[in-house]
Amino acid sequence: MSISFSMLKLDPGHAFGVNGRMQKDTGDEARIIEQYDFAQEDLNEVDVLIIPNFIDQEFLYRQQEKIAAFLAKKKIVVYCGHLFREWLPGCGPFMPQLIRNYKDYEVFPTEQSVIFEGVTTADMTFKKGVAGFFARGYHHAPAHAEVLLTFANGKPVTYVDRCSTNGTILVHAGRDLLGYADENKSTDLIRPQFLAWLEAEVQALKEDGEQ
Amino acid sequence: MRKIGVIYSGNESHYRTFHEPKFNQYITKLIYHPDFLETDIEDLDVLIVPSQLNYKLLLASETKIHAFAEKGGIIVAFGPQPWNWLPAQKWEERPTNFWWWLDKEASSGLVLQNPTHPLFNDYLTLAECTWHQHGVFWPPEHSDILISTEDGGAVMYVDSQSSEGTWIITTLDPDFHFGSYFMPATERFFEGFFPYLAYGTI
């Protein structure tokens, strides 16, 4: 898939990242740099910054001003993981979902979600009959956030925040959304729909900036 | 109690696992990986090298870790190791069967090779070491294989001859799974393994 915007992804350099061992991002849309090189990286030409789980959050906490400055320029930050240091504006720490029954792992798209449109709860919740691969907790979504995906108890698994900064923040309490592909399930829709959403969001931020 | 140090990557699963009070109380030093080379580890008895560390920092740490072993230290290594840094390392990556227990006549494929080893005396059972593996090691001949796959690949082994110290090496990665709220067996693993490292016969 070709895209009309510039995406930068940070690589934690961990064992599961080798050859997409755990979860493969099948595309080459994003330029990938090693996480600790982020401190020196020039972000002027970058529209979207993708931060996966396994990232060193102690390091990112020290980079919070750079991340805030990036967002102040009407850019997009996507974070997929469990946040435990407050390096991302508006995002509170991760809370594990209270699990009494496997159904507590079920995730439901909201009406606002184009990224998860047509993706079934069953396909997100189960992998070969095992529940919980998709998300095991949530973050506090700031007021005015657009919630895309929730657990049955309403806790937000995925949200979009266009109010905390000039830019857009997408927080997903699971794995890299670009990694959902080639499983012959409705979750295969996530990757192309997410890229299309990013494209539209980049465009909207640019148009907003020109007004 | 032995003094245990842990290398900490700053990632979300390590944060949870090594800050959990019932495990953290066994940890004398939690060493942020970027600070490892500047950190004094001579007072430690045990150094835990968890899974999923940043490969550049891990390879830069190799000499210091081996020097710790040469001074008689105990080193514990968790998880898949696609980068060579262990003594005589022979790692074989294998597809992971996350769903083995759903099969008919389910078998994890794990074999307890040395049931009389002190680790399995009051500390751990095979069930507490059983979730899934990401590969096996083919360790040096002199190693003591504690847990293997059915074809003899080592899932956990002890190498006390490659250095003056002791290497406890396992393809299991409880630090990742407990830390990401996944696989309840990994919590029971640490409930046995930390006390073993602190007090057991190694």
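See the structure shown above.
In this report, we go over the structure that sits alongside the text. (Residues numbered from 1 in each chain as written. Chains lettered and ligands numbered in written order. Predicted model: local features only at pLDDT ≥ 70, side-chain atom pairs only at ≥ 80, totals over all residues. Heavy atoms only, no water.)

Accessible area lost on assembly of the parts is the figure often given for the size of an interface. Listed per partner, the contact involves 32 residues of chain A and 30 residues of chain B. In total, about 2800 Å² of surface goes out of reach between chain A and chain B, with carbon and sulfur atoms giving 60% of it. Taken together, the connections running from chain A to chain B amount to one salt bridge. In this structure, lysine 56 of chain B and glutamate 34 of chain A form a salt bridge, with 3.0 Å as the shortest nitrogen-oxygen distance. (Contact = heavy atoms within 4.5 Å. Buried area = accessible area lost by both parts, 1.4 Å probe. Salt bridge = Lys/Arg side-chain N within 4 Å of Asp/Glu carboxyl O.)

Turning our eyes to something else, we now look at the sheet that holds strand β2 (residues 30-34) of chain A. Residue and element names in this part refer to chain A. An order of β2-β1-β3-β4-β12-β11-β10-β6 is seen for the eight strands of this open sheet, with the pairing classed as mixed. The outermost strands of the open sheet, each flanked by one partner alone, are β2 and β6 (107-109). With direction set aside, neighbouring strand axes in the sheet form an average angle of 15 degrees. The sheet contact formed by strand β1 (residues 7-11) and β2 spans five bridges and is parallel. Paired with methionine 7 across the two strands is alanine 30, which belongs to β2. (Pairing = 2+ DSSP bridges. Helix = DSSP H or I, 4+ residues; strand = E, 2+ residues; numbered from the N terminus. Axes fitted to C-alpha atoms, helices over the stretch in contact; angles between N-to-C directions.)

On to the pattern of salt bridges. Residue and element names in this part refer to chain A. The tally for this structure, following the rule as stated, stands at 14 salt bridges over all chains. Linking lysine 9 and aspartate 176 is a salt bridge whose minimum nitrogen-to-oxygen distance equals 2.6 Å. Of this pair, lysine 9 sits in strand β1 while aspartate 176 sits in the loop between β12 (168-172) and α4 (190-210), and the two are 167 residues apart along the sequence. The same class applies to lysine 9 and to aspartate 176, which are both buried. If you follow the salt bridges from partner to partner, you end up with Glu146, Arg162 and Glu201 in one network. (Buried < 20%, exposed > 50% of the residue type's maximum accessible area, 1.4 Å probe, protein only.)

Now for the packing of aromatic side chains. For the structure shown, the criterion picks out 29 aromatic pairs over all chains. The interplanar angle of 5 degrees and the centroid separation of 3.9 Å between the aromatic rings of phenylalanine 84 of chain A and tyrosine 15 of chain B together place this pair among those described as stacked. One end of the pair, phenylalanine 84 of chain A, is in the loop between β4 (76-80) and β5 (95-96); the other, tyrosine 15 of chain B, is in helix α1 (residues 12-19), on a second chain. The class for tyrosine 15 of chain B is partly exposed, based on a relative accessible area of 25%. Ring centres 6.0 Å apart and planes at 20 degrees place the aromatic pair tyrosine 26 of chain B and phenylalanine 194 of chain B in the stacked group. Here tyrosine 26 of chain B is found in the loop between α2 (21-24) and β2 (27-32), whereas its partner phenylalanine 194 of chain B is found in helix α5 (residues 185-199), with 168 residues between them in sequence. Residue tyrosine 26 of chain B shares its accessibility class with phenylalanine 194 of chain B, and that shared class is buried. Among the aromatic residues, ring-to-ring pairing joins Phe23, Tyr26, Phe78, Tyr123, Phe178, Phe189, Phe190, Phe193, Phe194 and Tyr196 of chain B into one connected group. Residue placement shows arginine 16 of chain B over the ring face of phenylalanine 178 of chain B; its charged tip is 4.0 Å from the ring centre. (Phe/Tyr/Trp six-rings, centres within 6.5 Å; stacked < 30°, edge-to-face > 60°. Lys NZ or Arg CZ within 6 Å of the ring centre and 35° of its normal.)

We now examine the nonpolar core. Counting 38 residues, the largest nonpolar core has Ile4, Ile48, Phe189, Phe193, Phe194 and Leu197 of chain B as its most contacted members. Elements with a minimum of two residues in this core: β1 (4-8), β3 (46-49), β4 (74-78), β8 (144-149), β9 (154-159) and α5 of chain B. The dominant element in this core, judged by the number of residues it contributes, is α5 of chain B, at eight residues. Excluding anything up to four places from it in sequence, leucine 197 of chain B contacts Arg2, Ile4, Val46, Ile48, Val76, Ile168 and Ile202 of chain B. With 32 residues, the next largest nonpolar core counts Leu148, Phe151, Tyr180 and Leu205 of chain A among its residues. (Core = buried A, V, L, I, M, F, W, Y, C linked by side-chain atoms within 4.5 Å.)

In this section: the side chain of serine 51 of chain B. All names here are of chain B. Looking at where serine 51 falls in the secondary structure, it is placed in the loop between β3 and α3 (55-70). Taking relative accessible area as the criterion, serine 51 reaches 0% and is therefore assigned buried. For serine 51, the residues in contact, after removing those within four places along its chain, are His14, Phe78, Gly79, Asp173, Asp175 and Phe176.

Another aspect to go through is the environment of glutamate 191 of chain B. All names here are of chain B. Along the chain, glutamate 191 turns up in helix α5. Taking relative accessible area as the criterion, glutamate 191 reaches 40% and is therefore assigned partly exposed. With sequence-adjacent residues up to four places away left out, glutamate 191 is seen in contact with Lys22 and Phe23. One polar contact links glutamate 191 to lysine 22, side chain to side chain, over a distance of 2.7 Å. (Polar contact = N/O pair within 3.5 Å; in protein donor to acceptor, adjacent residues only side chain to side chain.)

Take empty space enclosed by the protein next. Under the definition given, this model contains three cavities of 30 Å³ or more. Taken as a whole, the largest cavity encloses approximately 120 Å³ of empty space. If you go around the largest cavity, you meet 13 residues; those closest to its centre are Asn53, His82, Arg136 and Arg175 of chain A together with Glu12 of chain B. When the residues that make up the lining of the largest cavity are grouped by side-chain class, the tally is five nonpolar, five polar and three charged. (1 Å grid on protein atoms, 1.4 Å probe; cavity = no way out; pocket = protein on both sides within 12 Å on 5 of 7 lines; lining within 4 Å. Points joined across faces, edges and corners; volume = space filled by probe spheres on them. Nonpolar A, V, L, I, M, F, W, Y, C, P; charged D, E, K, R; others polar.)

Spatial relationships are all this shows, so hold off on functional conclusions.
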